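# Descriptive analysis of the structure
So the chains spell out like this:
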Amino acid sequence: MFKTNTQVWFDKNYFKDKEENIDIKKEDIRNVLGGRSNLYGSLKIEGFTKLISINLTKLKLTSLEIIDCPQLTEVELSELIKLESLFVKCPRLTKLDCSRSQLIELTDLDVSNLIELNCSNTSIKKLSLNLCPDIIRLNCSNNNKLINLDVSNCFKLKFLDCSQSKLTKLDLRNCPESIEVIKPPDCVITRKREKEKNILIIGCTGSGKSTLANVLTGTEDFKESEYDVSKTKCFQKGVFEWEGTKYCAIDTIGVGNTKLSIKLASNRIAEGVYSIPEGISQVLLVVGKNFTDEINTLGLFESDIFGYTTIVRTKFSNFKNRDICEKNKEKLCGESETNAIIIKSCKGIIYVDNPPIKILDDSDDDDDKEANIRINKKKREKSRIILLDHLKEVCQEEVLHMGFNVSTNNVTLTNKVNTQSEKLKEKEERNEIGWEKRREKLKSKSIEELLVKPENNSKVESEVSQFQQDEKQNKLENSRVDQDNHVLLPLKMGSFI
Ligand SMILES: Nc1nc2c(ncn2[C@@H]2O[C@H](COP(=O)(O)OP(=O)(O)O)[C@@H](O)[C@H]2O)c(=O)[nH]1
Ligand SMILES: [Mg+2]
């Protein structure tokens, strides 16, 4: 009988405005209800205003949601061995133990203040802690499916246990030098900072982002979808080198046509953005055949990122013919004012064609198929050279820092351009004076200060024309300030469908 009544029983026994601790053990349930009773199925713990801690032990819950408990700091879920789905949205949470469960991912956590996480003994395959910049202790050991761990935005991580996992490489470049790591014997750790230029790939689902990532990196590491259905569920990075410069391509989840909720899609793009805290050298905005529709879906035109953005028009079979490309550009500009504004503010449009190199169609005979694959590979190679030559030209030392306002599902941009020395200084600040102080410092800066390029402050101030002043005023009026007083200029991610 208890199988269907878990939520009813819970709602009767626990009071939203009273409980400070919720502590439910299998033994307690049996003492109260007798026999072999337990809590089964789904449970939602929502809106407990005074709740500080949750401790659930040896229950048979399969799905758990913990939402809007503003005081909640600790959640311990010991041996919820049937738990398959966990959704937590509690901003104050600092400690979470969800070990020994059936969980396959932890992408539904909105816990930006987490300090300690134990997700050992689960079935998690990919784990990104980039939305938890304060994390200090992470135990993801005994996860024999774990192949990918990203802690690039975890500047405070002091302890990491990933032993008995499938990890073969681990990037700890942004973690403190003193970090204690327990890892599988063959896992290679990267600690030294290499200069890489980060290339963020964004666009609608099916536009060809993952394919582009394969073309750029010269690999087949990124999953390409067969029929415009999104295969990319998480962000993925790939490193490559071109004429002595190292690049890192970051493929993100597409906007539109995805089955993911707005929240999840935006969280996953945010994870990608935060996996490169050192900044973005170039954004590749990938658009396929439906340029105008895709640009509208993205709703990008209010954005300030265009100075760092190249539009990559994929699926353009005439990409080698400059005149045709130029004519297409003119046509697009003529189609709408939005198109024209975006195209003119960007670092240009690059036309490419990256046709599939795994052809599944059975109708062709094998010789035809092989010939097609050869032709398509050639086209990709040509596209690659066009792209890399362009990147070489447009990627400057200066980088773009994007913020992400998860609450409004907007990718937001802190209008802050960092030079190499600024970056170094920032790293020192992170390590030496710590995150808190840095936050305090940011708080004390005025909006005006944050909106102006740091290295040009005085020069810019004295040289601004009336036009620029007006523009600046507009920006100020349009900008918003988040809880931490970061100035956030919205890059609207329009309609996630
Ligand atoms: N012909 C052609 N097909 C492409 C091109 N880029 C991507 N595709 C195809 O478009 C589909 C979606 O590509 P994918 O990279 O998975 O899109 P994503 O959702 O943006 O990552 C796949 O079937 C690709 O083979 C291109 O430049 N030319
Ligand atoms: Mg993809």
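Here the residue numbering is sequential within each chain, running from 1 through the sequence in written order. Numbering of ligands from 1 and lettering of chains from A proceed in the order in which they are written. Local features in this predicted model are restricted to residues of pLDDT 70 or higher, and side-chain atom pairs are both shown and tallied only at a pLDDT of 80 or more, whereas totals for entire chains, interfaces and linings draw on every residue. Hydrogens and waters are ignored; side-chain quantities use all the structure's heavy atoms.

Per an unreviewed UniProt entry, the protein is named AIG1-type G domain-containing protein, and its organism is Rhizophagus irregularis.

## Some remarks on the overall build of the protein
Numbered from the N terminus, helices here are DSSP runs of H or I no shorter than four residues, and strands are runs of E no shorter than two. A tally of helices and strands in the protein yields 12 helices and 26 strands. Expressed as a percentage of its 497 residues, the buried residues of the protein come to 50%. Whether two residues touch is decided by their heavy atoms; if any such pair falls within 4.5 Å, the residues are in contact. By sequence separation, contacts in the protein at least 24 residues apart represent 47% of the contacts at least 6 residues apart. Using the Shrake-Rupley algorithm and a 1.4 Å probe, accessible areas are obtained, with residue cover drawn only from the displayed protein chains. Accessible surface computed for the protein: about 24,600 Å², of which carbon and sulfur atoms make up 47%. Burial status follows relative accessibility: with a 1.4 Å probe on protein chains alone, a residue under 20% of its type maximum counts as buried, one over 50% as exposed, and anything between as partly exposed.

## Considering the environment of valine 273
Position of valine 273 among the secondary structure elements: in helix H4 (residues 262–274). With a relative accessible area of 3%, valine 273 lands in the buried category. Placed 38 residues apart in sequence, valine 273 and phenylalanine 235 show a C-alpha to C-alpha distance of 8.8 Å.

## Regarding the pattern of salt bridges
Think of a salt bridge as a Lys or Arg side-chain nitrogen and an Asp or Glu carboxyl oxygen that are within 4 Å of each other. Throughout the structure, instances matching the rule amount to 12 salt bridges. Between lysine 379 and aspartate 353 there is a salt bridge, with the nearest N and O atoms lying 3.9 Å from each other. Residue lysine 379 is found in helix H8 (residues 366–394), and its partner aspartate 353 is found in the loop between strand E22 (349–351) and H8; the two are separated by 26 residues along the sequence. One connected set of salt bridges, linked through shared partners, spans Asp171, Arg173 and Glu196.

## A look at the layout of surface pockets
The way it works is a 1 Å grid over only the protein atoms, where trapped points that fit a 1.4 Å probe form a cavity and open points with protein on both sides within 12 Å along at least five of seven lines form a pocket, and then any residue with an atom within 4 Å of a point lines it. Grid points are joined across faces, edges and corners, and a volume is the space filled by probe spheres set on the points. Roughly 1,400 Å³ of internal volume is contained in the second largest pocket. Lys126, Asn148, Phe235, Gln236 and Lys237 are the residues nearest the centre of the second largest pocket, which is lined by 50 residues in total. For the lining of the second largest pocket, the element with the highest residue contribution is strand E18 (residues 236–242), accounting for 4 residues. Here the term charged refers only to Asp, Glu, Lys and Arg, the term nonpolar to Ala, Val, Leu, Ile, Met, Phe, Trp, Tyr, Cys and Pro, and the term polar to all other amino acids, Gly among them. For the lining of the second largest pocket, the per-class residue count stands at 15 nonpolar, 14 polar and 21 charged. Where each domain begins and ends follows an automated or database-derived domain assignment. Residues from two domains meet in the lining of the second largest pocket; each of domain 1 (1–103) and domain 2 (197–399) gives at least three.

## Observations concerning the sheet that holds strand E15 (residues 180–182)
One bridge is not enough; two strands pair if DSSP finds at least two bridges between them. On the basis of which strands lie adjacent, the open sheet formed by 8 strands has the order E1-E3-E5-E7-E9-E11-E13-E15 and parallel pairing. Pairing within the sheet leaves two strands with one partner each, and these edge strands are strand E1 (21–25) and E15. Averaged over all adjacent pairs, the angle separating strand axes in this sheet is 5°, with direction ignored. Note that strand E13 (residues 159–161) and E15 share 3 bridges and pair parallel. Pairing of leucine 160 across the sheet is with valine 181, part of E15. Angles shown run from 0 to 180 degrees and are taken between the N-to-C directions of axes, each axis being a line fitted to C-alpha atoms and, for helices, limited to the stretch in contact.

## Comments concerning the confidence of the model for the protein
Taken over all residues, the pLDDT of the protein has a mean of 79, while the share at 70 or more is 73%. Each residue carries a pLDDT value, the predictor's own confidence for that position, ranging from 0 to 100. Throughout residues 426–497 the model reports pLDDT below 50, and contacts reaching past four residues in sequence, or to other chains, amount to 120 contacts.

## Observations concerning the packing of helix H6 (residues 322–335) against helix H7 (residues 337–345)
For the pair H6 and H7, the least separation of the axes is 5 Å and the interaxial angle reads 130°. Here H6 lies oblique to H7, going by the angle between them. Note on element contacts: H7 touches H6 through Asn339, Ala340 and Ile343, opposite Lys329, Leu332, Cys333 and Glu335. An angle below 35 degrees is read as roughly parallel, one above 145 as roughly antiparallel, one from 65 to 115 as roughly perpendicular, and any other as oblique.

## Brief notes about the sheet that holds strand E21 (residues 309–313)
Backbone-to-backbone hydrogen bonds pair the strands of a sheet. The strands run either parallel or antiparallel. Read from one edge to the other, the open sheet built from 6 strands follows the order E18-E19-E17-E20-E21-E22, with strand pairing classed as mixed. On the outer flanks of this sheet lie E18 and E22, each paired with one strand and no other. Neighbour to neighbour, the strand axes of the sheet diverge by 25° on average, direction disregarded. Pairing analysis gives 5 bridges linking strand E20 (residues 282–287) to E21, with the strands arranged parallel. From the neighbouring strand, leucine 285 faces E21, where its bridge partner is isoleucine 311.

## Some thoughts on H8
To estimate the expected span of a helix, count its residues, drop one, and scale the result by 1.5 Å. Here H8 spans 42 Å end to end across 29 residues, near enough to the 42 Å set by a 1.5 Å rise per residue. The set of residues buried in H8 consists of Lys369, Asn376, Arg380, Ser383, Arg384, Leu387, Leu388, His390, Leu391 and Val394.

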